[in-house]
Amino acid sequence: MVYYAQKSGHMAACGAACHKKGSAFMPDRIQIKEEAKQVLRGARVNPYLVSLIVVGVLGLLGALNSYVGASQTVDLAAMLPNFPEFPVLLMAFVAAVNWLAQVIINAGWSIYHLGVRQGKEMPFACLLDGFAFLGKLILLNIVMGIFVYLWSLLFLIPGIIAQYRYRFAVYNLCENPDIGIMEAISMSKAQTAGFKGTLFVLDLSFLGWSILCWLTLGILSIWIAPYREQANVGYFQ
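Residues numbered from 1 in each chain as written. Predicted model: local features only at pLDDT ≥ 70, side-chain atom pairs only at ≥ 80, totals over all residues. Heavy atoms only, no water.

## A closer look at the overall build of the protein
Keep this limit in mind: Helix and strand assignments come from DSSP, with helices taken as H or I runs of at least 4 residues and strands as E runs of at least 2, each series counted from the N terminus. Classification of residues uses two cut-offs on accessible area relative to the type maximum, computed with a 1.4 Å probe and protein chains only: under 20% is buried, over 50% is exposed, and between them is partly exposed. A contact between two residues is defined here by any heavy atoms of the two lying within 4.5 Å. All accessible-area figures derive from a Shrake-Rupley calculation using a 1.4 Å probe, and residue coverage is judged against the displayed protein chains alone.
On a plain count of helices and strands, the protein comes out with 11 helices and 4 strands. Classification of the 237 residues of the protein by burial places 42% in the buried group. A fraction of 62% describes how many contacts in the protein between residues 6 or more apart in sequence connect residues 24 or more apart. Summed over its atoms, the accessible surface of the protein is roughly 13,000 Å², and 67% of this surface lies on carbon and sulfur atoms.

## Considering the packing of aromatic side chains
Test applied: Whether two aromatic rings pair depends on their centres lying within 6.5 Å, for rings of Phe, Tyr and Trp, where Trp uses its six-membered ring; planes under 30 degrees apart make the pair stacked, over 60 edge-to-face, and the rest tilted.
Inspection of every chain in the model, using the stated rule, returns 6 aromatic pairs. Arranged with centres 5.9 Å apart and planes meeting at 25°, the rings of F168 and Y171 form a pair that is stacked. Comparing F168 with Y171, the two get one shared label, buried. Seen from their ring centres, F206 and Y227 are 5.1 Å apart, and the 70° between their planes marks the pair as edge-to-face. A residue pair is termed long-range when its members are at least 10 positions apart, and F206 in the loop between α9 (196-205) and α10 (207-215) and Y227 in helix α11 (residues 221-236) qualify at 21 residues. Take F206 and Y227: they sit in the same class, and that class is buried.

## Observations regarding the layout of surface pockets
For the record, the criterion: Throughout, the protein atoms alone are placed on a 1 Å grid, and a set of points is a cavity if a 1.4 Å probe fits but cannot get out or a pocket if it is open with protein on both sides within 12 Å along at least five of seven lines; lining residues have an atom within 4 Å of a point. Grid points are joined across faces, edges and corners, and a volume is the space filled by probe spheres set on the points. Think of it as three bins: nonpolar holds Ala, Val, Leu, Ile, Met, Phe, Trp, Tyr, Cys and Pro, charged holds Asp, Glu, Lys and Arg, and polar takes everything else, Gly as well.
Approximately 920 Å³ is the volume found for the largest pocket. Considering the residues around the largest pocket, the lining is formed by 29 residues, among which N106, S110, R167, Y171 and E229 are closest to the centre. At the level of elements, α4 (88-117), α5 (134-154), α6 (156-165), α7 (169-175), α10 and α11 are the ones that each hand at least two residues to the lining of the largest pocket. The element contributing the most residues to the lining of the largest pocket is α4, with 7 residues. By residue class, the composition of the lining of the largest pocket is 16 nonpolar, 9 polar and 4 charged.

## Digging into the confidence of the model for the protein
Spelled out, the test is: Note: pLDDT gives the predictor's confidence per residue, expressed from 0 to 100.
Averaged over all residues, the pLDDT of the protein is 85; the fraction at 70 or higher stands at 82%. Summarising per-element confidence for the protein, the mean pLDDT is lowest in strand β1 (residues 4-7) (35) and highest in α7 (97). Low confidence marks residues 1-24, where pLDDT is under 50. Its contacts with residues over four positions away, or in another chain, come to 51 contacts.

## Side note on helix α2 (residues 47-69)
Where we set the bar: Take the number of residues in a helix, subtract one, and multiply by 1.5 Å to get its expected span.
The terminal C-alpha atoms of α2 lie 32 Å apart, and with 23 residues this matches the ideal 33 Å at 1.5 Å per residue to within 8%. For α2, the secondary structure elements touched by its buried residues are α1 (29-41), α4 and α11.

## Some points on the pattern of salt bridges
We apply this condition: A side-chain nitrogen of Lys or Arg and a carboxyl oxygen of Asp or Glu constitute a salt bridge if their distance falls within 4 Å.
Inspection of the entire model under this criterion finds 4 salt bridges. Between D203 and R167 there is a salt bridge; the shortest N-O distance is 2.8 Å. Of this pair, D203 sits in helix α9 while R167 sits in the loop between α6 and α7, placing them 36 residues apart in sequence. One salt bridge in this structure joins D203 and R228, with 3.5 Å as the shortest N-O distance. Of this pair, D203 sits in helix α9 while R228 is found in helix α11, placing the two residues 25 residues apart along the sequence. You can call R228 partly exposed: its relative accessible area is 28%.

This is the structure:
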């Protein structure tokens, strides 16, 4: 049996992955994670090749940013006297390019997985689809960052809760680029209302995999990242 729950103006299919709790739908984490595996197996464009591109590009840009910014590290000159010092403007430029690349590719990553969930053929080029609404993506990430920072000033816990509150904002914008950034944030607030604890438990269930990814210097992320993203999309849908 398939249940449908209307969240912030759109219909979401929960299917067997949801069960009722009062008048609300409570997603079944185990079932959603199993569905995530099934969705990935049915993807027309290999999700692990897409993941390899994302992990590789972001890893290279992050390494470049760390290398350029390392010239300002305390005592680095004493440790590595031949390490080059880069101009501050160059470091700022590299940091900005790295951040923009993350915004674009992370949006493309979301677009890919949203399309795969819907049974669409998502080519590698969809990773750059965020360019079409780059201005909104930039503003959305900045506004969310400011909100999370302001909540974090109260205490650590409110900042963490805020991150979960805005978790689906990028999905909303990627799904419908015509909406405004505040509408995407408002929709995310409604979609995560009552489910922040559930999403937190979902993240905890990936803790072991995250440690293994760290131990393998991120190589295991090529296989785990698509699985985790599809689980998130399963909750969003």
